[in-house]
Every structure is written in C-alpha cells, then in structure tokens.
Number of protein chains: 2
Amino acid sequence: MPVAVNSEETYFQIGEAADRTRLTQRTLRYYEEKGLLKSPSRMDGGFRLYSREDVERLERIKEFKDLLGFSLAEIREMLDAEDLRLQTRSEWRRDADASEKAAKIGVVRGMTLQQMSLLDDKMKKMATMRGELAERVDKYDSLLAQWAETAGKERTGWASTSGETATKCSVAPMSIPAACG
Amino acid sequence: MPVAVNSEETYFQIGEAADRTRLTQRTLRYYEEKGLLKSPSRMDGGFRLYSREDVERLERIKEFKDLLGFSLAEIREMLDAEDLRLQTRSEWRRDADASEKAAKIGVVRGMTLQQMSLLDDKMKKMATMRGELAERVDKYDSLLAQWAETAGKERTGWASTSGETATKCSVAPMSIPAACG
DNA sequence: AGAAACATTGACGTTCGCGTTAACGTTGAG
DNA sequence: CTCAACGTTAACGCGAACGTCAATGTTTCT
C-alpha cells in the first residue's frame with residue numbers, strides 16, 4: 001500500500017514502485033546509482049520513498065530502453081535535457097534578466113529538436129524497412145492468389161500457421177503505422 | 001583492394017569487409033561465431049573471403065542493431081526467417097507437391113507479418129513520443145513569439161544555439177516523418 | 001629471399017545491465 | 001514485545017558484445 005507522508009502526497013516504497021513500473025528493486029537502485037533518478041527521499045529508517053514523479057520517470061526510462069533500445073547513458077542525457085527544461089520552467093518567474101530567459105528557452109528548444117530529429121531518423125528508416133517487408137507480403141499474396149486460380153475450385157485455405165498480427169495492412173507501402181492500428 | 005577470385009565475382013578480405021561495414025574484424029569473426037553469418041569462404045591460406053552478399057548481410061545486421069536495438073539473438077531469428085525465405089524461393093521450382101508450396105509460403109508470409117507488426121508497434125510508440133516533443137516545441141515557440149511582442153521592436157534573435165535539425169517539422173503532431181525529410 | 005602488411009586462432013579483459021546472496025536494520029500487526 | 005514482511009548496503013556473479021594482446025601463419029612487393 002502506498003505510504004501517505006503528510007496531507008495528500010503519496011509516496012511508494014521500493015517494492016510497490018517496482019511493481020508499478022514492472023522493474024525490479026535492484027533495477028531501481030541501479031538506476032539511482034547511475035544517476036538516472038535523483039536520489040528519492042527516505043523515511044526515518046532509511047527506506048526509500050518514491051514520489052509519483054519518480055515513478056513516472058521510471059516508466060519513461062523503461063520506454064526509452066525497450067522502445068528505442070537506448071543505453072542507460074543515452075537515456076541519462078535525454079533526461080538531463082528534460083531536467084534542464086523543468087528547472088528552466090521553475091526559474092521562469094524569478095529570473096530577472098530578460099534575454100537570459102529567451103536564451104534558456106532557446107537551448108531547451110534546441111535539445112528537444114535534436115531529440116525529435118533523432119526520432120525522425122529512426123522512424124524514417126523503420127518505415128523503409130516496413131515498406132520492403134510489405135512488398136514481400138504483397139508478392140506472396142499475389143503468388144498465392146494466382147496459384148489458387150490455376151488450381152481451380154480446390155480452395156487451399158492457407159490461413160498462415162500462426163498469428164496474423166499485422167492484419168491486412170501490408171499494402172500502402174509508406175502509410176503511417178498509426179493508421180493501421 | 002577487393003580480391004577477384006575468378007571471372008567477375010569479387011570477394012573481400014576481412015579488413016576491407018570491416019572497413020565497408022564500419023565494423024571491426026573482431027566483430028565480423030564474432031558474428032560468424034554466433035551464427036549470424038554463414039561461415040564465409042576461405043582462400044588457400046585460410047584467409048576469410050566475404051562475398052557481396054555477406055557484406056550486405058552485415059550491413060543489415062548493423063541496421064537491426066543500431067536502428068531497432070535488437071540483441072544479436074533476435075537478429076539471428078529475423079535472419080533465419082529470411083534464410084528460410086530464400087531457401088523456399090530456390091526450392092520453388094523443383095518442389096513437387098502443390099499444397100506444400102502454399103504451406104511454405106504461408107509460413108514465410110506469417111513471419112514477415114510478425115516482423116511488420118513489430119515494426120508498427122515501435123513506430124506507433126515513437127510517433128506518440130514525437131508528438132509530445134513537438135507539442136513542447138510549439139509551446140516554446142509561442143512563448144518566445146509572445147515574448148518578442150511584448151518586448152517591442154528589440155528583436156531578440158534567438159537562433160537556438162546549436163543544430164536546428166528537425167527544421168520546422170514541429171507542427172502536424174502525427175505526420176509521417178518521411179514527409180519531413 | 002626478405003620484409004611489410006595482413007590474417008588466424010586462442011585466450012584473457014572489459015563494460016553494461018542487472019541477478020543473487022549474505023548479513024543486517026526497520027516497520028507494522030497482533 | 002515479538003515476529004513476519006519489508007527494506008538496506010556490500011559484494012560477487014553472469015551473459016552479451018565485443019576489445020585487446022600474443023604467438024603464429026600468409027600474401028605481396030621488391
């Protein structure tokens with residue numbers, strides 16, 4: 001059960017944080033050790049207390065790893081960028097100088113753009129690969145269709161052995177995958 | 001220099017193969033050891049000779065690794081699938097039974113679809129991430145614009161410090177990246 | 001034939017990303 | 001107070017994916 005410290009802020013011990021993120025306790029400690037997570041607060045006895053934000057951050061780390069196959073070092077960089085973003089935002093009001101604000105925002109914006117172009121790059125290449133695969137599938141289909149024709153009435157019933165996962169989305173070589181879900 | 005063995009077939013020693021693929025010799029031997037590459041032919045003295053196909057395969061392996069962050073084991077699976085595909089194709093003519101052909105094609109088609117859905121999955125998630133990033137950039141832009149307005153004539157000239165990589169593609173949250181290159 | 005350049009097979013070393021165990025402290029329910 | 005459940009640090013272990021010698025053989029150029 002989540003631990004309520006005071007008022008309405010909920011914190012989680014390492015066990016629950018691990019459960020929620022589907023990571024292990026060891027992994028959480030490891031990420032902390034590697035600086036991917038700012039050291040979480042502790043209770044009097046020394047038990048770690050993870051905030052909601054901490055948990056969210058962990059979930060993001062997981063996405064970065066699983067989805068993009070980034071190393072922890074790379075992920076750290078991306079997260080550092082984001083930290084700067086948040087820090088910038090919190091300092092926004094009390095920041096005296098004017099052009100300084102703009103400069104900071106510019107930096108953050110630049111980093112965000114870099115991350116985007118990195119994503120674009122990967123997506124583009126993946127789209128290319130997908131296109132090649134789709135071409136093949138089409139080729140198989142027409143091959144099978146043509147075959148079924150020459151075979152006359154005898155329906156072959158080739159319901160491809162296992163999971164028909166990417167249902168029928170094989171055509172349209174370059175269409176956005178979001179449109180296929 | 002590439003080594004011409006006979007007639008028009010060109011082969012490469014490990015050094016050049018490594019250069020071309022931007023991998024190390026060690027890596028090539030390692031991949032061979034791990035079965036990602038069928039053992040290349042050798043010259044009399046025992047030197048490895050890589051064919052064009054071998055080099056292409058190596059390049060594909062690299063793409064899989066860098067682009068998708070797959071483990072070598074996973075890559076091996078994908079490549080095995082492709083091997084089956086080629087094998088199927090070469091056996092196509094001399095294969096006697098009819099429904100057997102269809103079955104084989106069905107299997108290969110199924111594997112291809114699986115790979116596609118895997119790609120789709122990743123691309124979809126990446127598109128989501130990209131969308132979030134784009135939103136941020138837009139927010140920064142409007143913030144800066146609004147700021148420049150209130151500041152009157154004094155143009156701040158905030159040409160974001162470094163590489164403006166993802167040029168202007170920040171809007172259109174879900175557009176296919178290929179359209180942005 | 002001799003030397004430089006390139007390759008071969010071990011075999012040990014390294015970094016990453018955790019898993020696992022040990023020995024011990026904390027918390028919360030009864 | 002006691003005891004199970006949960007947490008802590010420290011340390012060693014492990015598989016993946018190579019890096020890095022070292023000792024030896026091969027090719028090629030002159």
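Refer to the structure above for everything that follows.
Residues numbered from 1 in each chain as written. Chains lettered and ligands numbered in written order. Predicted model: local features only at pLDDT ≥ 70, side-chain atom pairs only at ≥ 80, totals over all residues. Heavy atoms only, no water.

**Considerations on the protein's contact with DNA strand D**
Residues in close proximity to DNA strand D total 20 residues, the closest being Arg29 and Arg48 of chain A together with Thr24, Tyr31 and Gly45 of chain B. Sugar plus phosphate: this is where 74% of the atoms of DNA strand D within 4 Å of the protein reside. Separating a phosphate oxygen of DNA strand D from a side-chain N or O atom of Arg29 of chain A is a distance of 2.6 Å. Between DNA strand D and Arg26 of chain B there is a distance of 3.1 Å, counted from a base oxygen to a side-chain nitrogen or oxygen. Listed by contribution, the elements that provide at least two residues to the surface near DNA strand D are α1 (14-21) and α2 (25-33) of chain A together with α2 (25-33) of chain B. Here the surface near DNA strand D gets 4 residues from one element, more than from any other, and that element is α2 of chain B. Partitioned by chemical class, the residues of the surface near DNA strand D number 6 nonpolar, 8 polar and 6 charged. (Near = heavy atom within 4 Å. Polar contact = N/O pair within 3.5 Å; in protein donor to acceptor, adjacent residues only side chain to side chain. Helix = DSSP H or I, 4+ residues; strand = E, 2+ residues; numbered from the N terminus. Nonpolar A, V, L, I, M, F, W, Y, C, P; charged D, E, K, R; others polar.)

**Focus: the pairing of strand β4 (residues 48-51) of chain A**
All names here are of chain A. On β4, burial covers both faces: Arg48 and Tyr50 on one face and Leu49 and Ser51 on the other are all buried. Examined bridge by bridge, strand β2 (residues 10-12) and β4 share 2 bridges and lie antiparallel to one another. For Tyr11, the partnering residue across the bridge sits in β4 and is Ser51. (Buried < 20%, exposed > 50% of the residue type's maximum accessible area, 1.4 Å probe, protein only. Pairing = 2+ DSSP bridges.)

**A word on the pattern of salt bridges**
In total, this model carries 16 salt bridges over all chains according to the counting rule given. The shortest N-O distance in the salt bridge between Asp141 of chain A and Arg109 of chain B comes to 2.4 Å. Of this pair, Asp141 of chain A sits in helix α5 (residues 98-150) while Arg109 of chain B sits in helix α5 (residues 98-150), which puts the two residues in different chains. You can call Asp141 of chain A partly exposed: its relative accessible area is 23%. Note on Arg109 of chain B: relative accessible area 7%, which makes it buried. For Arg42 of chain B, the salt bridge identified is with Glu32 of chain B, shortest N-O distance 3.9 Å. (Salt bridge = Lys/Arg side-chain N within 4 Å of Asp/Glu carboxyl O.)

**Re the protein's contact with DNA strand C**
Inspection of the region around DNA strand C gives 20 residues, with Thr24 and Tyr31 of chain A together with Gln13, Arg29 and Arg48 of chain B positioned closest. Put simply, 72% of the atoms of DNA strand C that lie within 4 Å of the protein are in sugar or phosphate. Between DNA strand C and the protein, one listed contact pairs a phosphate oxygen with a backbone N or O atom of Leu72 of chain A at 2.9 Å. Here a phosphate oxygen of DNA strand C and a side-chain polar atom of Arg42 of chain B are 3.1 Å apart. Of all the secondary-structure elements, those providing two or more residues to the surface near DNA strand C are α2 of chain A together with α1 (14-21) and α2 of chain B. Top element by residues in the surface near DNA strand C is α2 of chain A. It accounts for 4 residues. Taken together, the residues of the surface near DNA strand C break down into 6 nonpolar, 8 polar and 6 charged.

**Description of the packing of aromatic side chains**
Residues and elements named next belong to chain B. By the definition in use, this model includes 4 aromatic pairs over all chains. Ring geometry for Tyr30 and Tyr31: centres 6.4 Å apart, planes at 50°, overall tilted. Ring geometry for Phe64 and Phe70: centres 6.4 Å apart, planes at 10°, overall stacked. Relative accessible area serves as the criterion here: at 5%, Phe64 is assigned to the buried category. (Phe/Tyr/Trp six-rings, centres within 6.5 Å; stacked < 30°, edge-to-face > 60°.)

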